[in-house]
Amino acid sequence: MKRYAYLLWALLPLLAAACGDDSEVFYSVSYPVVRVEASVKGPQAETPGEDDTTGGEDDTTGGEGSDGTGTDETGTGTDGTGTDGTGTGTNGTGTGTNGTGSIPVGTTNGAETGSDGTESDGTGTGTGTDSGTEEPVGNPLYDQIAAEIVAQAPVKAGGSYRLDFSKYNRGRAPIDTASDAGQVVGIFIKEPGADKIRFYFLEQDYICSISSYKDEKGRDMTRFTVDLTAEYQERYPDAGITEALRVEYTSTPY
């Protein structure tokens, strides 16, 4: 409270200059807030589980194929006739299956018709999966802090900022907080061409960095980003926070 009282005392000249009547305003711009988000970064709460970067035991070595062996069968029958490798004769038959040669009975020297067994080429197919990338594991504490940042945003989604320039670099800031605080009037400071705006209202004193984002129609709209890193490092000293941001998306063209 002492800090706020001191801030008000220091800003009295600005407040007096900014809070003139509407005739002193030579330029206004509004920033309706359509969405408020937060981003909190730091060390992960836990490391990802073992990813399947190595496949399971893959069959990189094929089984050894065996050559088919033909077996010469000498038929003892007389005048035997062979059909499709199967000879029929008076006294005997020879049959070949899958690499076992057979000859017609009645032939003195049976031809070997067995086929060579197939031999795998030594390459197999692994059954393991390789994700290639690791998905970061969320930190529940950071999720909680992000939710807190959004809940404590001084201007909620549905609210708006309005900058009434009464001086080249400052003026009144009528603000609809879209909260129980309702509509308030503060002041803002923005140097011409700068990408930052400083707001003072209620007990708030913060700087918005101005940037753009694409809306659902692909249009460039204005976005305010507030760096809260130091504040949340102080609130949560053991959380290892390296960045805490509040991001306010507006419907104002960039």
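The rules behind each value
Within each chain, residues carry numbers counting from 1 in the order of the written sequence. Selection of residues for local features in this predicted model requires a pLDDT of at least 70, selection of side-chain atom pairs for listing and counting requires 80 or more, and totals for whole chains, interfaces and linings are taken over all residues. For side-chain calculations, the full set of non-hydrogen atoms in the structure is used, while hydrogens and water are omitted. A pair of strands is treated as paired once DSSP finds two or more bridges between them. The helix and strand labels rest on DSSP assignments: H or I over at least four residues marks a helix, E over at least two residues marks a strand, and numbering proceeds from the N terminus. Interaxial angles span 0 to 180 degrees and are taken between N-to-C directions of axes, which are lines fitted to C-alpha atoms, for helices over the stretch in contact. Throughout, a residue-residue contact means that at least one pair of heavy atoms, one from each residue, lies within 4.5 Å. Think of it in three bands: residues with accessible area under 20% of the maximum for their type are buried, residues over 50% are exposed, and the middle band is partly exposed, with areas taken using a 1.4 Å probe on protein chains only.

### Re the sheet that holds strand β9 (residues 220-227)
Within a sheet, each strand pairs with its neighbour through backbone hydrogen bonds, oriented either parallel or antiparallel.
Consideration 1: Strand order in this closed barrel of eight strands is β1-β4-β5-β6-β7-β8-β9-β10, and the pairing throughout is antiparallel. Strand-to-strand, the axes of this sheet are offset by a mean angle of 35°, without reference to chain direction.
Consideration 2: Where strand β6 (residues 183-189) lies against strand β7 (residues 196-201), three bridges are found, and the strand directions are antiparallel. Residue pairing across strands places Ile 189 opposite Arg 198, the latter belonging to β7.
Consideration 3: Against the sheet, helix α2 (residues 140-151) engages β1 (27-41) and β10 (243-253), with an angle of about 160° to β1.

### Some remarks on the environment of Phe 26
Consideration 1: Its place among the elements puts Phe 26 in the loop between α1 (2-18) and β1.
Consideration 2: Accessibility expressed as a relative area gives 55% for Phe 26, which makes it exposed.
Consideration 3: Along the primary structure Phe 26 and Gly 171 are separated by 145 residues, whereas in three dimensions their C-alpha atoms are 10.0 Å apart.
Consideration 4: Beyond its immediate sequence surroundings of up to four residues, Phe 26 is in contact with Phe 165, Ser 166, Lys 167 and Tyr 168.

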